[in-house]
Amino acid sequence: MASKIKNLLIFDFDGVLADSFDIFLSLLRDGMNEIGLPLTQDQYRSFFIGNVHQSVKDYINDERKYFLFMKFRNDNYDEYYFYKNNKVALFPGAAEFLNKIGNRHILTIASSGRQKNIIDLLEKSGVRELFSMILATSDTTKENMIREILNKFDSAGGCVMITDTIGDVKIAKEMGLKTIAVTWGFHPAKLLRSAKPDHLANDFKIL
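Thresholds applied
- Residues numbered from 1 in each chain as written.
- Predicted model: local features only at pLDDT ≥ 70, side-chain atom pairs only at ≥ 80, totals over all residues.
- Heavy atoms only, no water.
- Helix = DSSP H or I, 4+ residues; strand = E, 2+ residues; numbered from the N terminus.
- Rg over C-alpha atoms; globule rule 2.2 N^0.38 Å.
- Contact = heavy atoms within 4.5 Å.
- Areas by Shrake-Rupley, 256 points an atom, 1.4 Å probe, with all protein chains shown as cover.
- Lys, Arg positive; Asp, Glu negative; His and termini not counted.
- Charge placed at Lys NZ, Arg CZ, Asp CG, Glu CD.
- Buried < 20%, exposed > 50% of the residue type's maximum accessible area, 1.4 Å probe, protein only.
- Pairing = 2+ DSSP bridges.
- Arc of directions from axis to C-beta.
- Polar contact = N/O pair within 3.5 Å; in protein donor to acceptor, adjacent residues only side chain to side chain.
- Phe/Tyr/Trp six-rings, centres within 6.5 Å; stacked < 30°, edge-to-face > 60°.
- Axes fitted to C-alpha atoms, helices over the stretch in contact; angles between N-to-C directions.

Trainee: Got a minute to help me understand the overall build of the protein in this structure?
Mentor: The secondary structure content of the protein amounts to nine helices and eight strands. Against the globule reference of 17 Å for 207 residues, the protein gives a C-alpha radius of gyration of 17 Å, in line with a compact fold. Counting only C-alpha atoms and orienting by the principal axes, one finds that the protein spans roughly 65 × 35 × 30 Å. Considering only contacts in the protein between residues 6 or more positions apart, those separated by 24 or more positions represent 64%. Put simply, the protein shows about 10700 Å² of open surface, and 48% of that area lies on carbon and sulfur atoms. Between the averaged position of the 27 positive side-chain charges in the protein and that of its 26 negative side-chain charges there is a distance of 4 Å.

The following block contains the structure:
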């Protein structure tokens with residue numbers, strides 16, 4: 001019997017698989033404090049409506065302050081990610097979910113986080129081997145990462161972007177991909193619905 005054609009799944013990482021909102025909010029808020037700017041939770045969420053890195057730069061609107069902010073962010077990223085009391089971890093149920101779907105689909109990641117941190121977290125959770133490709137960097141756009149994944153894998157079975165932000169939903173839709181938005185991440189369900197994803201998932205069972 002012929003094997004079933006697998007779907008290509010492209011996951012955003014933070015807010016979808018990793019519970020990292022509070023950690024990144026703390027990192028960016030402290031970085032903004034270093035340059036004398038406030039940062040509310042709602043302002044931070046708004047950065048992900050478009051390109052997050054450009055949104056941060058536009059918010060600071062000062063080259064010298066932006067340089068100082070990015071230095072703080074880069075110098076402290078790993079400390080906040082791994083060594084704070086509430087360090088980043090996979091969401092409860094994420095590893096079980098990945099193990100259930102890992103053999104049925106091609107799993108990949110496109111993230112604006114740090115690749116080594118993502119790989120480390122996946123390895124600690126015992127699910128690193130389930131992913132065929134992990135792209136994570138702030139040096140290129142999400143579009144370029146998605147395009148690189150599409151160029152590498154046969155998506156004849158269908159390609160789906162799974163994300164928690166409307167910025168990613170918009171990008172994926174513009175590239176002709178199906179989208180699933182999850183409601184437990186950086187953007188709430190009401191905001192996600194405004195981007196008209198193909199599906200909305202409230203927990204890993206639904207996903």
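Trainee: Can you help me understand the pairing of strand β1 (residues 7-11) in this one?
Mentor: Remember that side chains alternate between the two faces of the sheet whenever the strand is regular. For β1, a buried count of four out of five residues is recorded, marking the element as mostly surrounded by other parts of the structure. Inspection of the sheet shows β1 paired to strand β4 (residues 105-111) by five bridges, in the parallel sense. Each residue of the ladder has a partner; that of F11, found in β4, is I109. Of the strand pairs in this sheet, β1 and strand β6 (residues 159-163) are connected by four bridges, and their pairing is parallel.

Trainee: What's the story with helix α3 (residues 52-60) in this structure? I'm lost.
Mentor: In an α-helix, one turn spans 3.6 residues; hence positions three or four apart end up facing the same way. Within the sequence span of α3, burial applies to V52, S55, V56 and I60. Around the axis of α3, the buried residues are gathered within 130° of arc, so they sit on the same side. Residues of α3 that are buried in the fold lie against α1 (21-34) and α4 (63-83). For α3, the capping residue at the N-terminal end is N51, with a side-chain oxygen 3.0 Å from the backbone nitrogen of H53. Positive phi appears at N61, one or two residues downstream of α3, with a value of about 55°.

Trainee: Would you take a moment to explain the packing of aromatic side chains for this structure?
Mentor: Each pair of aromatic rings is reported with the distance of its centres and the angle of its planes. This model, assessed by the stated rule, comprises 15 aromatic pairs. Seen in terms of ring centroids, Y44 and F47 are 6.3 Å apart; in terms of plane orientation they differ by 85°. Their pairing is edge-to-face. Per residue, the accessibility class of Y44 equals that of F47, and both read buried. A centroid spacing of 5.9 Å and a plane angle of 10° characterise the contact between Y77 and Y81, whose relative ring orientation is stacked.

Trainee: Help me out: how do you make sense of the side chain of S111 in this one?
Mentor: Within the fold, S111 resides in strand β4. A polar side-chain atom of S111 sits 2.9 Å from the main-chain amide nitrogen of G113. Among residues more than four places away in sequence, those in contact with S111 are D12, F13, D14, I118, L135, A136, T137, K142 and M145.

Trainee: Please clarify how the sheet that holds β4 should be interpreted in this entry.
Mentor: The strand order across the open sheet formed by six strands is β5-β4-β1-β6-β7-β8, and the pairing between neighbours is parallel. Only two strands of the sheet have a single partner each, and these edge strands are β5 (131-136) and β8 (199-201). Strand after strand, the sheet turns through a mean of 20° between neighbouring axes, direction not considered. Against the sheet, helix α6 (residues 115-124) touches β4 and β5, its axis set at about 145° to β5.

Trainee: Any chance you could explain unusual backbone geometry here in plain terms?
Mentor: If a residue is not glycine, its phi is most likely negative; likewise, a peptide bond is most likely trans. Positive phi is not limited to glycine here, since N61 has a value of about 55°. Position of N61 among the secondary structure elements: in the loop between α3 and α4. The phi torsion at K196 lies on the positive side, around 55°, for a residue other than glycine. Checked against the element boundaries, K196 lands in the loop between α9 (189-194) and β8. Under the relative-accessibility criterion, K196 is labelled exposed at 60%.

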